[in-house]
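Summary of the model geometry
Read off the chains here:
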Amino acid sequence: GVMAPRQLLTVFGSGIGPPEGTGVLLDGLLRVTTQAAPYPGLTFGNFSGAIPNAALTGTNMPVIYSSDTQVTVQAPAALPAGNSFLLYYGWQGLTLIAPGTLRTQPTAPGIFPNAALNQDGSRNGASNPAEAGSIVQIFGTGLGAIDTNLPLGDYHPTATLTRTTAAASMTVGGQDAEVLFAGGAPGLPGGVYQVNFRVPEGTAAGVQPIALTIGGQSTATRQAVTIYVK
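Rules of the game
- Residues numbered from 1 in each chain as written.
- Predicted model: local features only at pLDDT ≥ 70, side-chain atom pairs only at ≥ 80, totals over all residues.
- Heavy atoms only, no water.
- Helix = DSSP H or I, 4+ residues; strand = E, 2+ residues; numbered from the N terminus.
- Contact = heavy atoms within 4.5 Å.
- Areas by Shrake-Rupley, 256 points an atom, 1.4 Å probe, with all protein chains shown as cover.
- Buried < 20%, exposed > 50% of the residue type's maximum accessible area, 1.4 Å probe, protein only.
- Salt bridge = Lys/Arg side-chain N within 4 Å of Asp/Glu carboxyl O.
- Core = buried A, V, L, I, M, F, W, Y, C linked by side-chain atoms within 4.5 Å.
- Pairing = 2+ DSSP bridges.
- Axes fitted to C-alpha atoms, helices over the stretch in contact; angles between N-to-C directions.

This paragraph deals with the overall build of the protein. Check the secondary structure of the protein and you find 0 helices and 17 strands. Sequence-distant contacts in the protein: of pairs separated by 6 or more residues, those separated by 24 or more amount to 65%. A total of about 10,800 Å² of accessible surface is found on the protein, and carbon and sulfur atoms cover 55% of it.

Turning next to the environment of Gly153. Here Gly153 is to be found in the loop between β11 (135-141) and β12 (168-172). Judged by relative accessible area, which is 0%, Gly153 ranks as buried. Taking the C-alpha atoms as reference points, Gly153 and Tyr65, separated by 88 residues in sequence, lie 9.9 Å from one another.

Structurally, the position occupied by Asn196 is in strand β14 (residues 193-198). In this structure, Asn196 is in contact with Ile135, Val136, Gln137, Glu178, Val179, Leu180 and Phe181, ignoring residues within four places of it in sequence.

For the coordinates displayed, the defined rule picks out 2 salt bridges. Two residues, Glu131 and Lys230, come together in a salt bridge whose shortest N-O distance is 3.6 Å. Remark: Lys230 occurs in the segment after β17 (225-229) and Glu131 occurs in the loop between β10 (110-111) and β11; sequence separation between them is 99 residues. Between Glu178 and Arg198 there is a salt bridge, and its shortest N-O distance comes to 3.4 Å. One end of the pair, Glu178, is in strand β13 (residues 175-184); the other, Arg198, is in strand β14, and 20 residues separate them in sequence. Judged by its relative accessible area of 44%, Glu178 is partly exposed.

Within the largest apolar cluster, 23 residues are counted, with the highest numbers of intra-cluster contacts made by Ile138, Met170, Phe197, Val199, Ile210 and Ile227. Taken together, the elements giving at least two residues each to this core come down to β11, β12, β13, β14, β15 (206-214) and β17. Setting aside residues up to four positions removed in sequence, Ile138 forms contacts with Ile111, Ala116, Met170, Tyr193, Gln194, Val195, Phe197 and Ile210. Leu9, Leu42, Val73 and Leu79 belong to the second largest nonpolar core, which has 16 residues in total.

With that settled, consider unusual backbone geometry. A positive phi angle is found at Arg6, which is not glycine, with a value near 70°. Looking at the element boundaries, Arg6 is found in the loop between β1 (2-3) and β2 (8-12). Even without glycine at this site, Asn114 takes up a positive phi of about 60°. Following the sequence through the fold, Asn114 ends up in the loop between β10 and β11.

The next point concerns the sheet that holds strand β6 (residues 70-74). Read across the sheet, 3 strands follow the order β2-β6-β5 without closing on themselves; strand pairing throughout is antiparallel. The open sheet has two edge strands, β2 and β5 (63-66), and neither has a second partner. Taken over all neighbouring pairs, the strand axes of this sheet differ in orientation by 15° on average, direction set aside.

Here's what the structure looks like:
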């Protein structure tokens, strides 16, 4: 029920967009070159009056990916903290209003499960655990503001790193882990963040829970994510 600046949000459904594989939008302008108009859109806003869509005001969020079963958008870079907003989804002349409101806050971190990479770039897993003392990369969204004015929907640059303005911390198996980098994932769309951390020396072998905290918000309160250590 919360959203942070630049966070990715995915809406699932049926018949809510073009068929799979018809295009990806990455320019922040709500346009896909291989998809005919009208385009799917998600508006983050509020209304006034007795009819919800009678006086809609808000911000159209750029579509990062769309298909007939899901649409992923990116939240605006500037969100007033502590406010509540409604989501309005529109496609082919139909507007759907989400029944619940979203609250805004500076950060709302979430880790993508089963997406951790070991120091050599290989996928972390039961058959490929990370060594204690090695560096692991994780990916997620909701880490809030970054130190560059990246256009919404654009890729994070690979030549210059973008970093989160809020400091991030990690734990592995309940132990503090050194964070080496927290920011936009180089080469990936805006809203995807990367955190590099070092597995603490002496971490026991096996499945270990990890938790990311940034801006006073922790993933430990909303999801259970693990990595494998040897």
